[in-house]
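# Secondary and tertiary structure notes
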Amino acid sequence: MEQAPPDPERQLQPAPLEPLGSPDAGLGAAVGKETEGAGEESSGVDTMTHNNFWLKKIEISVSEAEKRTGRNAMNMQETYTAYLIETRSIEHTDGQSVLTDSLWRRYSEFELLRSYLLVYYPHIVVPPLPEKRAEFVWHKLSADNMDPDFVERRRIGLENFLLRIASHPLLCRDKIFYLFLTQEGNWKETVNETGFQLKADSRLKALNATFRVKNPDKRFTDLKHYSDELQSVISHLLRVRARVADRLYGVYKVHGNYGRVFSEWSAIEKEMGDGLQSAGHHMDVYASSIDDILEDEEHYADQLKEYLFYAEALRAVCRKHELMQYDLEMAAQDLASKKQQCEELATGTVRTFSLKGMTTKLFGQETPEQREARIKVLEEQINEGEQQLKSKNLEGREFVKNAWADIERFKEQKNRDLKEALISYAVMQISMCKKGIQVWTNAKECFSKM
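Just so it is clear, the model here is predicted, and its values are computed rather than measured.

### Let's talk about the side chain of Arg-315
The topology assignment puts Arg-315 in helix α11 (residues 290-347). Side chain to side chain, Arg-315 and Glu-312 meet in a polar contact 3.0 Å long. Once residues within four sequence positions are removed from consideration, Arg-315 is found in contact with Lys-224, Ser-227, Asp-228 and Gln-231.

### Points about unusual backbone geometry
Backbone geometry at Asn-186 places phi at a positive 65 degrees, although glycine is not the residue there. Mapping Asn-186 onto the fold places it in the loop between α5 (175-182) and α6 (187-193). Classification of Asn-186 by relative accessible area gives exposed; the value is 54%.

### Observations concerning the packing of helix α9 (residues 218-266) against α11
It is at 9 Å that the axes of α9 and α11 come closest, and there the two elements cross at 165 degrees. Between α9 and α11, the interaxial angle falls into the category roughly antiparallel. Between α9 and α11 lies a crossing of left-handed hand.

### A word on the pattern of salt bridges
If you walk through the whole model with that rule in mind, you get 26 salt bridges. Here Arg-219 makes a salt bridge to Asp-217, at a shortest N to O gap of 3.1 Å. On the accessibility criterion, Arg-219 (32% relative accessible area) is partly exposed. For the salt bridge of Lys-218 with Asp-222, the shortest nitrogen-to-oxygen distance reads 2.9 Å. Placement of the pair is Lys-218 and Asp-222 together in helix α9, with a separation of 4 residues, close to one helical turn.

### Digging into a negative patch on the surface
Taken together, the side chains of Asp-149, Asp-292, Glu-295 and Asp-296 make up a negatively charged region of the molecular surface. Checked against the element boundaries, Asp-296 lands in helix α11. Exposure remark for Asp-296: the relative accessible area of 40% places this residue in the partly exposed category.

### Details of the packing of aromatic side chains
Using the criterion set out here, one finds 15 aromatic pairs in the structure. Each residue in the set Phe-110, Phe-161, Phe-180 and Trp-187 is aromatic and connected to the rest through ring pairs, giving one cluster. Above the plane of the ring of Trp-104 lies Arg-68, whose end atom (NZ or CZ) is 4.6 Å from the centre. Directly above the aromatic system of Phe-180 lies the positively charged group of Arg-105, at a separation of 4.8 Å from the ring centroid.

Rules used in this analysis
- Residues numbered from 1 in each chain as written.
- Predicted model: local features only at pLDDT ≥ 70, side-chain atom pairs only at ≥ 80, totals over all residues.
- Heavy atoms only, no water.
- Helix = DSSP H or I, 4+ residues; strand = E, 2+ residues; numbered from the N terminus.
- Polar contact = N/O pair within 3.5 Å; in protein donor to acceptor, adjacent residues only side chain to side chain.
- Contact = heavy atoms within 4.5 Å.
- Buried < 20%, exposed > 50% of the residue type's maximum accessible area, 1.4 Å probe, protein only.
- Axes fitted to C-alpha atoms, helices over the stretch in contact; angles between N-to-C directions.
- Parallel < 35°, antiparallel > 145°, perpendicular 65-115°, else oblique.
- Left-handed = near helix turned anticlockwise from the far one by under 90°.
- Salt bridge = Lys/Arg side-chain N within 4 Å of Asp/Glu carboxyl O.
- Patch = residues over 30% accessible without salt bridge, like charges linked within 9 Å, V, L, I, M, F, W, Y side chains within 5 Å.
- Areas by Shrake-Rupley, 256 points an atom, 1.4 Å probe, with all protein chains shown as cover.
- Lys, Arg positive; Asp, Glu negative; His and termini not counted.
- Charge placed at Lys NZ, Arg CZ, Asp CG, Glu CD.
- Phe/Tyr/Trp six-rings, centres within 6.5 Å; stacked < 30°, edge-to-face > 60°.
- Lys NZ or Arg CZ within 6 Å of the ring centre and 35° of its normal.

Structure (structure tokens):
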């Protein structure tokens, strides 16, 4: 009995989601269990390392940044920053921690690693890299990407990027990631040999799918809108913070004028001189403290920037789903068209206008042998199309299931991280205000002793 053709308008529907593991399952499970489960992952088989249990036993750090000069691909001299990646054994035979490996990487190599992960794991919210050039800076903060303070913050961000990957239950097992940490020479060649560039979806194709897909999944549409709004909100928050930092810097530095005035005043007073001099000293300390305060604030701003860039990672998952949905709809539409052609040939009726119908009217009917041959070709194409549509349906279901599992993992991580960052920022502001109160309390005591 012939099966009913798949509905051309059918939308990808996910299979029931499996229970989520811990966001840190990639580093938290026992070594034995990890080794046992290494071969169970279905995606990225050729790029998965079977000795991934080593990630359970090492610490990853980007410990140093170094300014270097060299020649680029155009044979032109350039200045760049290299970062020292160290992998350190947590446990050793004698119970001591020892250095297992160290190598230098450029920022562009981190970019290459992430580009590869985006292609091979399209259903995963791939961790973002720290900014290449400073954004949302206040007037005293350098926007130069070679500025030592900026390089230091980027070093911390690159370390966080590696730790995010290492703590992911799937990405931590990837062979290219393993080689990124352990193979300094020929690593780029190894990545390029995977052919990931050929598998990358073009932006034009993704844009076309966005506007032409007929039945987008509402959850992915809502997720894309959420990522846009999240990016907008965090952008506004960072701009506000930069304006506040500008004004706060000015207010603190103006307090230095108190110190200067009190010091000058103390020179003409005998009984009040010591008290004024001491109060002026407290004001000078207060004025100079803003530099360290705003430097600490930059680290909290960088935590917010990470989720600013995570918004694009969410959109990347949504775009991939739109592409798969569009391909599915086009395959279903093509299959329906071929079935209609086959039915028209079999019955001799033409339902819709076609070039073939006009040709038949102009040059006459086909012979029965020709018609049978065409029907046979169409039936083969229909069978192939049905198999292809079935495969795309299964692939789509698997993508949606895996994508939503990772999105749920990401949401837990996001809520935890942003909550912690905002609380820490509030605590820092409270501490800053208490220091200001203490300065004026000390000044009051100085005035009282006059």
